[in-house]
Amino acid sequence: MHLRYVFRVYPTRGQQQSLARAFGCARVVFNDGLRARQTAREAGLPFPKAAELSAAMTAAKKTPGRCWLGEVSSVVLQQSLRDLEAAYRAFFDGLAGKRPRVGAPRFKSRKDRRQAIRFTANARWSITEGGKLALPKIGEVKVKWSRALPSVPATVTVIKDAAGRYFCSFVVETGGPLPGAGAGDGVGIDLGLDCFAVLSDGRKIDSPRFLRRAAKKLRRAQQALSRKQKGSNNRDKARLNVARAHAKVADARRDFHHRLSTELARDNQAVYVETLNVKGLARTRLAKSVHDAGWSAFTAMLEYKTARYGRTFARVGRAFPSSQLCSGCGHRDGPKPLHVRAWTCTECGAGHDRDVNAARNILNEGRRIASG
């Protein structure tokens, strides 16, 4: 199983300038390759192959207009062309119905807030004995290691986010399943807005509502940005303040998702969750709360962590009437308005909490799906 490990890095002022140069060169090579393919398409010619684009990039280094490409590692430039190839492959696979549709590759801008470059083993990057990340033509960068890597990574990606923070990302291959407590036989999860998750054992996890709690601070930061003159240094500083405020919210939400998903995957033999129509709900008046909850990111974490712990995981289709069935006798009692939070089964007389009953029905349906 392959997992991504991300760590914060702290480059010096000079290393930040070197990274900015590498980001810019990678962007130029990507745009040159995209322009070459668009020109060929307009002329009715076959797309230039990756080898042709690579040869053109190598030749461009010897010209006065592109000689500065030689100031960065050639591996970074080659990986930029591979990213272009992957973007076109995803686009054409979407048109062919092999995967969800994505847009055609677009030109990258120097104003893009997220920048990234990738080093493969050919670049001869390394982790020093002192724990620093040695990158070619950049130097030894300080890394904040929060945990040990389970195996030796083959590539490293250096990222600068919108808040001006730097990260290094490794994709590594992990070993067998991790040991877990496994006390619970299985758990069904009903996701919501008032309670982030209601479990089939009756436990309710409150929704932290990170975005709502930070709304006042975000509003003030955005107002300060709107008052700054465009193109000024003060506007750049205000933009960073807005980006950092949003990054703080995103980090808190991600940490909450990681802690809860790890606990559920570690302590239960099976985890079942209902598939939600997030895109549809995001077009309603509940859009802000739906995005604040981050259901898709949480269920994606659950899926890979249950696999990591060797657990069973299944998604129950959103057409399943989890709120209409009695979890005791299975009688379908019909749809109910959202304000009805508790009801009594007309068949067996059992009283139900709406969300707990839905979670138990998801557990039963998930077991059926997993066994079938």
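Basis of the calculations
- Residue indices begin from 1 for each chain and proceed along its sequence in written order.
- Confidence filtering applies because this is a predicted model: local features only for residues at pLDDT of at least 70, side-chain atom pairs given and counted only at 80 or more, and all residues used for totals across whole chains, interfaces and linings.
- By convention in this description, side-chain values take in all heavy atoms of the structure and omit both hydrogens and water.
- A pairing counts as a salt bridge when a side-chain nitrogen of Lys or Arg comes within 4 Å of a carboxyl oxygen of Asp or Glu.
- In this description a helix means any DSSP run of H or I spanning at least four residues, a strand means any run of E spanning at least two, and both kinds are numbered starting from the N terminus.
- Accessibility here uses a 1.4 Å probe with only protein chains present; expressed as a share of the type maximum, an area under 20% marks a residue as buried, one over 50% as exposed, and anything in between as partly exposed.
- Each axis is a line fitted through C-alpha atoms, and for a helix only the stretch in contact is used; angles between axes span 0 to 180 degrees, taken between their N-to-C directions.
- Note that the term roughly parallel is reserved for angles under 35 degrees, roughly antiparallel for angles over 145, roughly perpendicular for angles of 65 to 115, and oblique for everything else.
- Crossing chirality is assigned from the near helix's rotation relative to the far helix, an anticlockwise turn below a right angle marking it left-handed and a clockwise turn marking it right-handed.
- Two residues qualify as a contact provided that any one of their heavy atoms is within 4.5 Å of a heavy atom in the partner residue.
- Ten residues, namely Ala, Val, Leu, Ile, Met, Phe, Trp, Tyr, Cys and Pro, are considered nonpolar, four, namely Asp, Glu, Lys and Arg, are considered charged, and the remaining ones, Gly among them, are considered polar.
- Strands were regarded as paired on the criterion that DSSP finds at least two bridges between them.
- For the purposes of this section, nonpolar cores are sets of buried Ala, Val, Leu, Ile, Met, Phe, Trp, Tyr and Cys residues that join through side-chain atoms within 4.5 Å.
- Paired rings are identified among Phe, Tyr and Trp, the last through its six-membered ring, by centres lying within 6.5 Å, and are further divided according to the angle between planes into stacked (under 30 degrees), edge-to-face (over 60) and tilted (the rest).
- Sitting over a ring, as applied to charges here, requires NZ of Lys or CZ of Arg to be within 6 Å of the ring centre and within 35 degrees of the ring normal.
- Sulfur atoms of two cysteines make up a disulfide when they are within 2.5 Å.

Visitor: Can you walk me through the pattern of salt bridges in this structure?
Guide: Opposite charge on two side chains allows them to pair when their charged atoms are near. In the structure shown here, the tally under the stated rule is 18 salt bridges. Across the pair D194 and R209 runs a salt bridge, and its minimum N-O distance is 3.4 Å. Here D194, found in the loop between β8 (187-191) and β9 (195-199), pairs with R209, found in the loop between β10 (204-206) and α4 (210-213); they are 15 residues apart in sequence, far enough to count as distant. The exposure class assigned to D194 is exposed, which follows from its relative accessible area of 61%. On the basis of relative accessible area, R209 is assigned to the partly exposed category, the value being 39%. The shortest N-O distance in the salt bridge between D353 and K204 comes to 3.1 Å.

Visitor: How should the packing of helix α1 (residues 13-42) against helix α2 (residues 50-60) be read in this particular structure?
Guide: For any two helices packed against each other, the geometry is given by the interaxial angle and the distance between the axes. The N-to-C vectors of α1 and α2 enclose an angle of 125°; their axes lie 11 Å apart at closest approach. Here α2 runs oblique to α1, going by the angle between their axes. Regarding α1 and α2, the two cross each other, and that crossing is right-handed. Contacts from V29, G33, A36 and R37 of α1 reach α2 at A50, L53 and M57. Among the residues forming the contact of α1 with α2, the class breakdown is 5 nonpolar, 1 polar and 1 charged.

Visitor: What am I meant to see in the environment of P105 here?
Guide: Along the chain, P105 turns up in the loop between α3 (74-95) and β2 (115-119). For P105, a relative accessible area of 11% puts it in the buried group. For the pair P105 and A342, spaced 237 residues apart in the sequence, the C-alpha separation amounts to 50 Å. Those residues in contact with P105 that sit more than four places away from it in its chain are L34, L84, A87, Y88 and F91.

Visitor: How should I be thinking about the sheet that holds strand β4 (residues 133-135) in this particular structure?
Guide: Strand order in this open sheet of 7 strands is β2-β6-β7-β1-β5-β4-β3, and the pairing throughout is antiparallel. Two strands bound the open sheet, and with one partner strand each, they are β2 and β3 (126-127). In the packing of α1 onto the sheet, the strands contacted are β2, β5 (139-144), β6 (156-160) and β7 (166-173), and the crossing angle to β2 comes to about 90°.

Visitor: When you look at the environment of G164 in this model, what are you seeing that I'm missing?
Guide: With respect to the helices and strands, G164 occurs in the loop between β6 and β7. A C-alpha to C-alpha distance of 8.4 Å links G164 and A243, two positions 79 residues apart in sequence.

Visitor: Looking at this structure, how should I read the sheet that holds β10?
Guide: The pairing of strands in a sheet comes from backbone hydrogen bonds and takes either a parallel or an antiparallel form. Taken in spatial order, the 5 strands line up as β10-β9-β8-β11-β12 in an open sheet, and their pairing is mixed. The open sheet has two free edges, formed respectively by β10 and β12 (312-316), since each of these has just one partner strand. Looking at each pair of strands side by side, their axes are set apart by 20° on average, direction ignored. When β8 meets strand β11 (residues 270-274), the two strands line up parallel, connected through 3 bridges. For V187, the partnering residue across the bridge sits in β11 and is V271. Running over the sheet, helix α6 (residues 233-267) touches β8, β9, β10 and β11 and is turned about 0° from β9.

Visitor: In this structure, what is going on with the nonpolar core? I would like to understand it.
Guide: Here is a general trend for soluble globular proteins: nonpolar side chains tend to be buried in one another's company. Of all hydrophobic cores here, the largest spans 37 residues; its most connected members are I117, F119, L133, L135, V156, C168 and F170. A per-element tally of this core places α1 first, with 8 residues. Excluding residues that lie within four positions of it along the chain, C168 makes contacts with Y5, V6, F7, V9, L133, V143, V156 and T157. Membership of the second largest hydrophobic core comes to 24 residues, among which are A245, F256, V271 and L302.

Visitor: Whenever I open this one, the packing of aromatic side chains confuses me. Can you help?
Guide: Aromatic rings in a pair are described by how distant their centres are and how their planes are angled relative to each other. With the rule as written, the count across this model stands at 11 aromatic pairs. Here a set of aromatic residues connected by ring pairs shows up, and it is made of F7, W125, W145 and F170. One cation-aromatic arrangement involves R8 over F167; the distance from NZ or CZ to the ring centre is 5.8 Å. In this structure, K108 packs its charged tip against the face of F30, placed 4.4 Å from the ring centre.

Visitor: Mind showing me how you'd approach unusual backbone geometry here?
Guide: Negative phi values dominate among residues other than glycine, just as trans dominates among peptide bonds. A positive phi angle is found at K137, which is not glycine, with a value near 60°. In this structure, K137 sits in the loop between β4 and β5. You will see that R209, though not glycine, has its phi angle at about 55°, which is positive.

Visitor: Sorry if this is basic, but what is going on with the packing of α2 against α3 here?
Guide: Between α2 and α3, whose axes approach to 10 Å, the crossing angle comes to 145°. By crossing handedness, the relation of α2 to α3 is classed as right-handed. Here A50, L53, S54 and M57 of α2 lie close against α3, whose contacting residues are L77, Q78, L81, L84 and E85. Residue composition of the contact of α2 with α3, by class: 6 nonpolar, 2 polar and 1 charged.

Visitor: In this structure, what is going on with the state of the cysteines? I would like to understand it.
Guide: Cysteine pairs can be linked by a disulfide, which is a covalent bond between their two sulfur atoms. Using the criterion set out here, one finds 0 disulfides in the structure. No disulfide involves C25; its nearest neighbouring cysteine sulfur is the one of C67, lying 10 Å away.

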